[in-house]
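A structural walkthrough
Below are the chains, spelled out letter by letter.
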Amino acid sequence: MKIQNKEAIMYQLKKSKSVLLMLSLVTVGFIGAGISVETEAKDRAAGFYTRGDVSKAPGSRNGYDDPTASASDPTKPTNWAKNVDGIVVQLEWAALQSQKPETVPSGQDKLSTQLIEDALADVREWNAVPGNNKLGIKLRVFAGIYTPQWVKDEVGSSVLDFKGSSFDGEFPHYWKSAFKTRYKQFHGLLANKYDSEPLITEVAISGCMIKNADMHRARSEYQNINILIDAGLTWQKDQDCQNWQINAVAGKWDTTWVSVARPHFREFKKMASSPSKSDWPLSTSVMKETVETCRKAGNCVSGNNSLEQEDKDAKAFSNDQHAIYYAASKYRGTRSKAPLYFQTDVKIVQGSGVIHKIIGWGIKNSHVEMIELPTLKAFKKYDDAYLGSNAMQKKRTKLKN
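Anyway, here's the lowdown on the structure attached to this text. As the structure is a prediction and not an experimental result, all values here were calculated from the model.

Reading the values: the criteria
- Numbers given for residues are sequential positions, taken from 1 along each chain in its written order.
- Reporting of local features is limited, given that this is a predicted model, to residues whose pLDDT is at least 70; pairs of side-chain atoms are given and counted only at 80 or more, and all residues count toward the totals for whole chains, interfaces and linings.
- Each side-chain value is worked out from all heavy atoms of the structure, with water and hydrogens disregarded.
- Fitted lines through C-alpha atoms give the axes, limited to the stretch in contact for helices. The angle between two N-to-C directions lies from 0 to 180 degrees.
- Numbering of helices and strands runs from the N terminus, with a helix taken as a DSSP run of H or I at least four residues long and a strand as a DSSP run of E at least two residues long.
- An angle below 35 degrees is read as roughly parallel, one above 145 as roughly antiparallel, one from 65 to 115 as roughly perpendicular, and any other as oblique.
- Helix crossings fall into two classes, left-handed where the near helix is turned counterclockwise from the far one by less than a right angle and right-handed where it is turned clockwise.
- We call two residues in contact whenever any of their non-hydrogen atoms come within 4.5 Å of each other.
- Note on exposure labels: buried denotes an accessible area under 20% of the residue type's maximum, exposed denotes more than 50%, and partly exposed covers the range between, all computed with a 1.4 Å probe on protein chains only.
- Here the positive residues are Lys and Arg and the negative ones are Asp and Glu; neither His nor the chain ends is included.
- Just to be clear on terms, a salt bridge is a Lys or Arg side-chain nitrogen sitting within 4 Å of an Asp or Glu carboxyl oxygen.
- In protein, a polar contact means a hydrogen-donor-capable atom and an acceptor-capable atom, both N or O and within 3.5 Å, with residues adjacent in sequence counting only if both atoms are side-chain atoms; elsewhere, any N or O pair within 3.5 Å suffices.
- For each structure, a 1 Å grid was placed over the protein atoms alone; sets of points admitting a 1.4 Å probe that cannot get out are labelled cavities, open sets with protein on both sides within 12 Å along at least five of seven lines are labelled pockets, and lining residues have an atom within 4 Å of a point.
- Grid points are joined across faces, edges and corners, and a volume is the space filled by probe spheres set on the points.
- Amino acids outside the nonpolar list (Ala, Val, Leu, Ile, Met, Phe, Trp, Tyr, Cys, Pro) and the charged list (Asp, Glu, Lys, Arg) are all regarded as polar, and Gly is one of them.

Topic: the packing of helix H6 (residues 177–194) against helix H8 (residues 235–252)
Remark: H6 packs on H8, axes separated minimally by 9 Å, with the N-to-C direction vectors making an angle of 25°. Considering their axes alone, H6 and H8 lie roughly parallel with respect to each other. The interaxial crossing formed by H6 with H8 has right-handed handedness. Each of Lys-180, Tyr-183, Lys-184, His-187, Gly-188 and Ala-191 in H6 lies in contact with H8, whose residues at this interface are Cys-241, Trp-244, Ala-248, Val-249 and Lys-252.

Quick word on the environment of Leu-120
With respect to the element layout, Leu-120 can be found in helix H4 (residues 114–128). Its relative accessible area of 1% is what places Leu-120 among the buried residues. When sequence neighbours within four positions are dropped, the list of residues in contact with Leu-120 reads Ile-137, Tyr-194, Glu-197, Leu-199 and Ile-200.

Looking at the side chain of Asp-195
Following the sequence through the fold, Asp-195 ends up in the loop between H6 and strand S8 (200–204). Despite its burial, Asp-195 pairs with no opposite charge, the nearest such side chain being Lys-42 at 4.6 Å. Within the structure, the side chain of Asp-195 is placed 3.0 Å from the backbone nitrogen of Asp-254, a separation counted as a polar contact. At 2.7 Å, the side chain of Asp-195 forms a polar contact with the side chain of Thr-256.

Structural notes on the layout of surface pockets
The calculated volume of the largest pocket comes to roughly 1300 Å³. Lining of the largest pocket is provided by 43 residues; of these, Asn-212, Asp-214, Asn-305, Ser-306 and Gln-343 occupy positions nearest its centre. Where the lining of the largest pocket is concerned, the elements lending two or more residues are strand S5 (136–142), strand S10 (300–307), helix H10 (309–313) and strand S11 (339–344). At 3 residues, the largest contribution of residues to the lining of the largest pocket is made by S10. Taken together, the residues of the lining of the largest pocket sort by class into 11 nonpolar, 14 polar and 18 charged.

Overview of the pattern of salt bridges
By the definition in use, this model includes 19 salt bridges. Across the salt bridge formed by Lys-76 and Asp-65, the nearest N and O atoms sit 2.8 Å from each other. Taken as a pair, Lys-76 in the loop between strand S3 (47–50) and strand S4 (86–92) and Asp-65 in the loop between S3 and S4 lie far apart in primary sequence, 11 residues in all. By relative accessible area, which is 11% here, Lys-76 ends up buried. Given a relative accessible area of 2%, Asp-65 falls into the buried group. The salt bridge partner of Arg-295 is Glu-292, with a shortest N-O separation of 3.2 Å. Of the two residues, Arg-295 and Glu-292 are both situated in helix H9 (residues 284–297); the distance of 3 residues between them amounts to about one turn of the helix. Taken together, the salt bridges that share partners define one network made up of Lys-100, Glu-102, Glu-154 and Arg-182.

Laid out in structure tokens, this is it:
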């Protein structure tokens, strides 16, 4: 039987940096209650993680930055792996699960996980070298257009048009119970294989995504929202899915932290023309609710896939009309702030701000512990030495302490 108060134990163990607590959940027996815990809670991802530089076109959004090639890849900063703490492995759900699990012959793996195995092998090779810093892995598996075709056929889908971008194509009806069943089943299979893998520190949630993994519903994309509304989507069903996916995924990963990006949530409706902000009003109560759903799950880290100069200009941490305000808000109860992650903009220079200054602003105003950096190619183009500079590395140290 799983321990019931996973939230309290995961948080208490991870909020401390002491060596003793970082040993985490060794086998604990609650003899009087008849409950035993035989799993070990992992450390949260902390420091700098590289997000990879992969195409967004379906069939091509699988990849990661190989640390073993960091000294020889001319497109990335020299020895970049020495200056980060982990890598994000990006994967398409379709690439991992091309067949219905019930059609896979007995004894064969129901998932195609070679890319994950390759990333694990590369990180192990890097970590085994004396003097190298130890790297971890965050998995980000994309649903949306990257959902297996057999799932789309089973649950229903709609063709959406994002003006000739890589996202044009067939999207599943993610709000339907049949989709939820398959998505939860998929994470059960993935967790069964990798929940006990110590190098995998975090798994991103993206079940209810349309275009982007942060589940943002942009007013400029109202025509696609109209198509999904005609197929049965409602604001309430979308909201329900946002909360459902958190509990569904967190419940499958017992020792691994899961994370979810929190965007603006606007109460959308069908429109004949481009909606104004008042047509699709911001739902601050829903933004707060979804963040709290993550925190209550116990092993979920909330975040935001945008930390950039325009957020600083908007005073996001004190602006209750901004998604970052809710992701970084005070924790429930007596805890002061909640752990979170940020993904930065893809640019090194953002208006009047340089990325290390923007990261510093995030650290000052929140309990951020992990930053997903811009692409390594962007660092190389700006300055080969910038990632390893004191300006960047001081921020990396602060994230981990």
